[in-house]
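Coordinates in review
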Amino acid sequence: MTKEYLNQLTYKIIGATIEVHKSIGPGLLEKIYHRCLSHEFLLQGIKFQSEFNIPINYKGSKLSADLRCDFLVEDAIVLEIKASLTMLPVFDAQIISYMKLLKVPKGILINFQSDNIFNNGQKTFVNEIFSAFPDR
């Protein structure tokens, strides 16, 4: 895996979210965007897991928790979607925690309530795992 691969995958994911947003617009419930985005990923051949429980390993013990990730794309990027008028700092903390728990290098936060996903409806996160990958 390389930074270039992850950046290209990020571009595809954001493109898919823009396609959904363009097709159905803002103002709907998060679960509607989730279903449409799942379908768009299938149409584009993007491999993903959806709404699965994130394992919690605390001090060597696996703990049961109802912590669900919206999407894990290609086992490399966490994608959290929101349909919120206000983007709260807790949303950033959530995706950073998911990245840590799933041991993935990158995360994307999308807000479908924005007027333009590309300009102000998305935020990308990387961590030390990403930093360790070669550029190409």
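Structure: see above.
I will try to describe carefully the structure that is included in this document. (Residues numbered from 1 in each chain as written. Predicted model: local features only at pLDDT ≥ 70, side-chain atom pairs only at ≥ 80, totals over all residues. Heavy atoms only, no water.)

Some points on helix α3 (residues 89-102)
Helix length check: α3 (14 residues) gives 20 Å between terminal C-alpha atoms against 20 Å at 1.5 Å per residue, within 8%. Residues F91, D92, I95, Y98, M99 and L102 constitute the buried set of α3. Down the axis of α3, the buried set is contained in an arc of 125°. They therefore lie on one face. Along α3, exposed side chains directed more than 90 degrees from the buried face belong to P89, V90 and K100. Where α3 is buried, its residues contact β1 (48-53), β4 (68-73), β5 (77-82), β6 (106-111) and β7 (122-126). Of the residues trailing α3, K103 is marked for its positive phi of about 55°. (Helix = DSSP H or I, 4+ residues; strand = E, 2+ residues; numbered from the N terminus. Expected span 1.5 Å × (residues − 1). Buried < 20%, exposed > 50% of the residue type's maximum accessible area, 1.4 Å probe, protein only. Arc of directions from axis to C-beta. Contact = heavy atoms within 4.5 Å.)

Quick word on the environment of G25
Tracing the sequence through the fold places G25 in the loop between α1 (3-24) and α2 (30-44). Taking the relative accessible area as the measure of exposure, G25 reaches 14% and is therefore buried.

Here's the deal with the packing of aromatic side chains
One pass over the structure, following the stated rule, counts 4 aromatic pairs. Ring geometry for F41 versus F71: centroids 5.4 Å apart, planes at 80°, classification edge-to-face. In this pair, F41 is assigned in helix α2 and F71 in strand β4, connecting sequence segments 30 residues apart. What links up through ring pairs into an aromatic cluster is the set F41, F48 and F71. (Phe/Tyr/Trp six-rings, centres within 6.5 Å; stacked < 30°, edge-to-face > 60°.)

Re the state of the cysteines
A full pass over the atoms with the stated rule returns 0 disulfides. In this structure C36 is a free cysteine whose sulfur lies 19 Å from that of C69, the closest cysteine sulfur available. Using a relative accessible area of 28% as the deciding quantity, one classes C36 as partly exposed. (Disulfide = S-S within 2.5 Å.)

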